[in-house]
Amino acid sequence: MNWELEINNMYLSKLQKYILLECYLSKKRRYLKKELLKFYDKKKKTKEEDRQGSITRSVERLIGKGLLVGYGEKTAQKLYLNQIRLTSLGRKVSRKLLDKQQKLPLKKLTKKT
């Protein structure tokens, strides 16, 4: 499986892991980028501009790795992302981060006596 090699060789920061898990555990299909500021609730030492910048960089790097898809506006100079969504590879990486095994759609057999 090619994706397993990619996952094992992939380094993710704490913020990137948080982004993947938040998107995976949320019930929404598209996740608002503004909601990712919750990561910094515990650490109030950072400025608002720095928080937005680090979240934007992390999201763009996850998009570059193929784990997320971004929705927003694109200008000639910059990309403005409003919402993000997990790709299938992103869901696999999130499951691996949670150490969950994928459930197969198997039917349970009942014994007939």
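Whatever comes next refers back to the structure up there.
Residues numbered from 1 in each chain as written. Predicted model: local features only at pLDDT ≥ 70, side-chain atom pairs only at ≥ 80, totals over all residues. Heavy atoms only, no water.

Enquirer: Describe the overall build of the protein chain, naming the residues involved and giving the relevant values.
Expert: Secondary structure summary: the protein chain contains four helices and three strands in total. When the elements of the protein chain are put in sequence order from the N terminus, they spell out α-α-β-α-β-β-α. When the 113 residues of the protein chain are sorted by exposure, 31% land in the buried category. Across the protein chain, contacts joining residues at least 24 apart in sequence account for 52% of those joining residues at least 6 apart. Here the protein chain displays about 9200 Å² of accessible surface, and carbon together with sulfur accounts for 51% of that area. (Helix = DSSP H or I, 4+ residues; strand = E, 2+ residues; numbered from the N terminus. Buried < 20%, exposed > 50% of the residue type's maximum accessible area, 1.4 Å probe, protein only. Contact = heavy atoms within 4.5 Å. Areas by Shrake-Rupley, 256 points an atom, 1.4 Å probe, with all protein chains shown as cover.)

Enquirer: How would you summarise the pairing of strand β3 (residues 79-86) if you had to cite specific residues and measurements?
Expert: Two elements, strand β1 (residues 31-32) and β3, share two bridges in a ladder whose sense is antiparallel. Of the residues in β3, the one forming a bridge with Y31 is I84. The pairing of strand β2 (residues 68-74) with β3 spans seven bridges and is antiparallel. Looking at β3, one finds that G72 is bridged to L81. If you look at the hairpin formed by β2 and β3, you'll find four residues sitting between the two strands. (Pairing = 2+ DSSP bridges.)

Enquirer: Pulling in residues and values, what's your account of the packing of helix α2 (residues 14-25) against helix α4 (residues 88-98)?
Expert: In the contact formed by α2 and α4, the axes pass within 9 Å of each other and the chain directions differ by 100 degrees. Compared by their axis directions, α2 and α4 come out roughly perpendicular. Only R91, V93, S94, R95, L97 and L98 of α4 make contact with α2, whose side of the interface consists of K17, L20, L21, Y24 and L25. (Axes fitted to C-alpha atoms, helices over the stretch in contact; angles between N-to-C directions. Parallel < 35°, antiparallel > 145°, perpendicular 65-115°, else oblique.)

Enquirer: Give me the environment of L20: which residues, what numbers.
Expert: For L20, the location among the structural elements is in helix α2. The class of L20 is buried, set by a relative accessible area of 0%. With residues up to four places along the chain from it excluded, the contact list for L20 reads L12, L62, L67, L68, L86, V93, S94 and L97.

Enquirer: Describe the sheet that holds β2, naming the residues involved and giving the relevant values.
Expert: Judged by pairing direction, the sheet is antiparallel, and its three strands sit side by side in the order β1-β3-β2 without closing on themselves. With partners counted over all chains shown, the strands left at the sheet margins are β1 and β2, one partner each.

Enquirer: Can you tell me about helix α3 (residues 48-64), naming the residues and giving the values?
Expert: Relative to the 24 Å expected for 17 residues at 1.5 Å per residue, α3 spans 24 Å between its end C-alpha atoms, a close match to the ideal helical length. All of the buried residues along α3 are R51, S54, I55, T56, S58, V59 and L62. The secondary structure elements touched by the buried residues of α3 are α2, β2 and β3. One or two steps after α3, the chain reaches G66, where phi turns positive at roughly 85 degrees. (Expected span 1.5 Å × (residues − 1).)

Enquirer: Could you give an account of the packing of aromatic side chains, naming the residues involved and the relevant values?
Expert: With the rule as written, the count across this model stands at zero aromatic pairs. Sitting over the face of the ring of Y71, R30 holds its NZ or CZ atom 3.6 Å from the ring centroid. (Phe/Tyr/Trp six-rings, centres within 6.5 Å; stacked < 30°, edge-to-face > 60°. Lys NZ or Arg CZ within 6 Å of the ring centre and 35° of its normal.)

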